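# An overview of the molecular structure
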Amino acid sequence: MAFPLPSSPRPVPTQAEVEAMFARPLNDLLFEAHTVHRRHFDPNAVQVSTLLSIKTGGCPEDCHYCSQSAHYHTTVGREALMDVEDVRREARAAREAGATRFCMGAAYRGPRDRDLETIARMIEAVKAEGLETCATLGLLEAAQARRLADAGLDYYNHNLDTSPEYYAQVVTTRRYEDRLETLEHVRAAGLKVCSGGIVGMGESTADRAALLRTLAALDPPPESVPVNELVPVEGTPFYGLPPIDPFDLVRTVAVARLLMPASHVRLSAGRRSMSDELQALCFFAGANSIFYGERLLTTPNPERDEDRRLFARLGIHPEPPPSPAP
Ligand code: SAM
Ligand code: DTB
Ligand code: SF4
């Protein structure tokens, strides 16, 4: 079923055109994506974010990839919302280790207003440590987005995950339109948008193209676009799917760079199963952000030392944080 794109004042390439980008010889695609990348960014700078799960497990949603869904038996149990002071300590440690943005994730369909007040205090505490802030709490009402903006939140992460057409194979407890509506609330509240998806869930190239077109049609496109490779979690329906061809990951990064030239593209979950050479190719194709620290939300990420060595070998430096507004 065709799905209407969000109305965009900018021309977005057609589905056929985006699929043709994916089908190009890799060298041609890489050359073009890297040329566009250099026009908009320092090609040797990578933005560094650290993740913390502030509320883990027991989620009512049935996202087929997720360790935290209450629908599946995984090793992740249900935990309560963290204390503000513990979050402050984690944020300080992340800054001292070199992160410039701190992203707080919660296993919610959407936050309750009472929890939102605690999260507002976490945001204030993280900002006071001199970090940019990001939160990912699920679906938001307009007033909840405004509350987060008032607390000083910089970014809200809310992934579309896949194409509109494939979405029902991934999640059945909410609709694609619900996700788009939350993104509208986030934008209307003046927050920066972080939205992307996951590859390796059995989707087709056409689905990857449709996801990237939908993101590029947002007005404006997300400032930050995470490209996650599925982290297989035992007990979830997507465990055991064949991993994607690494070059298809590179192509997804390159097409994201071409469709959203001024956005940060984050090489997000899945780096632990990627070689250094594959990550280097993704940076060349236009990825310029990573999650740093040995944990994502519930699954492992490369050790900090490994990433420091990788940056040194590639001559990459961490992107400096934006200077504070006057
Ligand atoms: N519950 C909120 C939500 O879903 O919006 C926020 C947290 S949720 C864990 C954030 C994102 O992490 C998901 O939208 C999905 O894109 C990504 N994610 C979760 N589990 C993953 C996995 N096993 N592999 C790759 N990405 C994953
Ligand atoms: C995003 O796109 N990826 C991050 C972050 N945004 C919240 C989450 C990845 C989660 C990977 C699985 C886990 O650790 O539970
Ligand atoms: Fe819940 Fe988010 Fe996991 Fe879906 S991705 S089950 S909404 S924590």
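Note that the structure is a prediction, hence the values are computed from the model and not measured.

## Structural notes on the site of ligand 1
For ligand 1, the set of nearby residues contains 15 residues, the closest of which are A106, N159, D161, R179 and V231. The separation between a nitrogen atom of ligand 1 and a polar main-chain atom of A106 is 3.1 Å. Isolated, ligand 1 exposes 550 Å² of accessible area, and the fraction of that covered by the protein chains is 90%. When atoms are counted within 2 Å of each cavity's grid points, the one that captures over half of ligand 1 is the largest cavity.

## Comments concerning the pattern of salt bridges
Evaluation of the coordinates by the stated rule reveals 18 salt bridges. Between R88 and E85 there is a salt bridge, with the nearest N and O atoms lying 2.8 Å from each other. Placement of the pair is R88 and E85 together in helix α3 (residues 84-97), with a separation of three residues, close to one helical turn. Note on R88: relative accessible area 22%, which makes it partly exposed. With a relative accessible area of 43%, E85 lands in the partly exposed category. One connected set of salt bridges, linked through shared partners, spans E61, R109 and R174.

## What to know about the site of ligand 2
Inspection of the region around ligand 2 gives 14 residues, with N159, N228, L297, T298 and T299 positioned closest. The contact in question runs from a nitrogen atom of ligand 2 to an N or O atom on the side chain of N157, over 3.4 Å. In this structure, N228 approaches ligand 2 through a side-chain N or O atom, which is 2.9 Å from an oxygen atom. Protein contact buries 87% of the 400 Å² of open area that ligand 2 shows by itself. When each cavity is represented as a set of grid points, ligand 2 is found to reside in the largest cavity. Within the shell around ligand 2, the residues separate by chemical class into six nonpolar, eight polar and no charged.

## Side note on the side chain of Q68
Mapped onto the elements, Q68 comes out in the loop between β1 (45-55) and α3. Judged by its relative accessible area of 7%, Q68 falls in the buried class. For Q68, the side chain forms a polar contact with the main-chain nitrogen of G57, separated by 2.8 Å. Sequence-distant contacts of Q68, that is, excluding residues within four places in its chain, are made with S53, K55, T56, G57, G58, C59, V76, A107, L297 and T298.

## A look at helix α1 (residues 15-23)
Among the residues making up α1, those that are buried are V18, M21 and F22. For α1, the buried positions fall inside an angular range of 100 degrees around the axis, keeping them on one side. Opposite the packed face of α1, turned more than 90 degrees from it, sit the exposed residues A16 and A23. Residues of α1 that are buried make contact with α2 (26-40), α7 (205-217) and α8 (246-259).

## Topic: empty space enclosed by the protein
In the structure shown here, the tally under the stated rule is two cavities of 30 Å³ or more. Roughly 870 Å³ of volume is contained in the largest cavity. As for the largest cavity, its lining consists of 44 residues, of which Y65, C66, Q68, N159 and L297 are closest to the centre. For the lining of the largest cavity, the secondary structure elements donating two or more residues are β1, β2 (101-106), β3 (132-136) and β7 (224-229). Its residues assigned to classes, the lining of the largest cavity shows 21 nonpolar, 16 polar and seven charged. Each pocket or cavity is described by its volume, and for the second largest cavity that value is around 50 Å³.

## Here we look at the pairing of strand β8 (residues 264-267)
Residues H264 and R266 line one face of β8 and the alternating positions V265 and L267 line the opposite face, and both faces are buried. With four bridges connecting them, β7 and β8 associate as parallel partners. Its bridge partner lying in β8, V227 is registered against L267. Handedness of the crossover joining β7 and β8 through α8: right-handed.

## Comments concerning the side chain of S163
Turning to its location among the elements, S163 is positioned in the loop between β4 (155-157) and α6 (176-188). One polar contact links S163 to D207, side chain to side chain, over a distance of 2.7 Å.

Criteria and thresholds
- Residues numbered from 1 in each chain as written.
- Chains lettered and ligands numbered in written order.
- Predicted model: local features only at pLDDT ≥ 70, side-chain atom pairs only at ≥ 80, totals over all residues.
- Heavy atoms only, no water.
- Near = heavy atom within 4 Å.
- Polar contact = N/O pair within 3.5 Å; in protein donor to acceptor, adjacent residues only side chain to side chain.
- Areas by Shrake-Rupley, 256 points an atom, 1.4 Å probe, with all protein chains shown as cover.
- 1 Å grid on protein atoms, 1.4 Å probe; cavity = no way out; pocket = protein on both sides within 12 Å on 5 of 7 lines; lining within 4 Å.
- Sits in = over half its atoms within 2 Å of the grid points.
- Salt bridge = Lys/Arg side-chain N within 4 Å of Asp/Glu carboxyl O.
- Helix = DSSP H or I, 4+ residues; strand = E, 2+ residues; numbered from the N terminus.
- Buried < 20%, exposed > 50% of the residue type's maximum accessible area, 1.4 Å probe, protein only.
- Nonpolar A, V, L, I, M, F, W, Y, C, P; charged D, E, K, R; others polar.
- Contact = heavy atoms within 4.5 Å.
- Arc of directions from axis to C-beta.
- Points joined across faces, edges and corners; volume = space filled by probe spheres on them.
- Pairing = 2+ DSSP bridges.
- Right-handed = clockwise from strand over helix to strand, strands pointing away.

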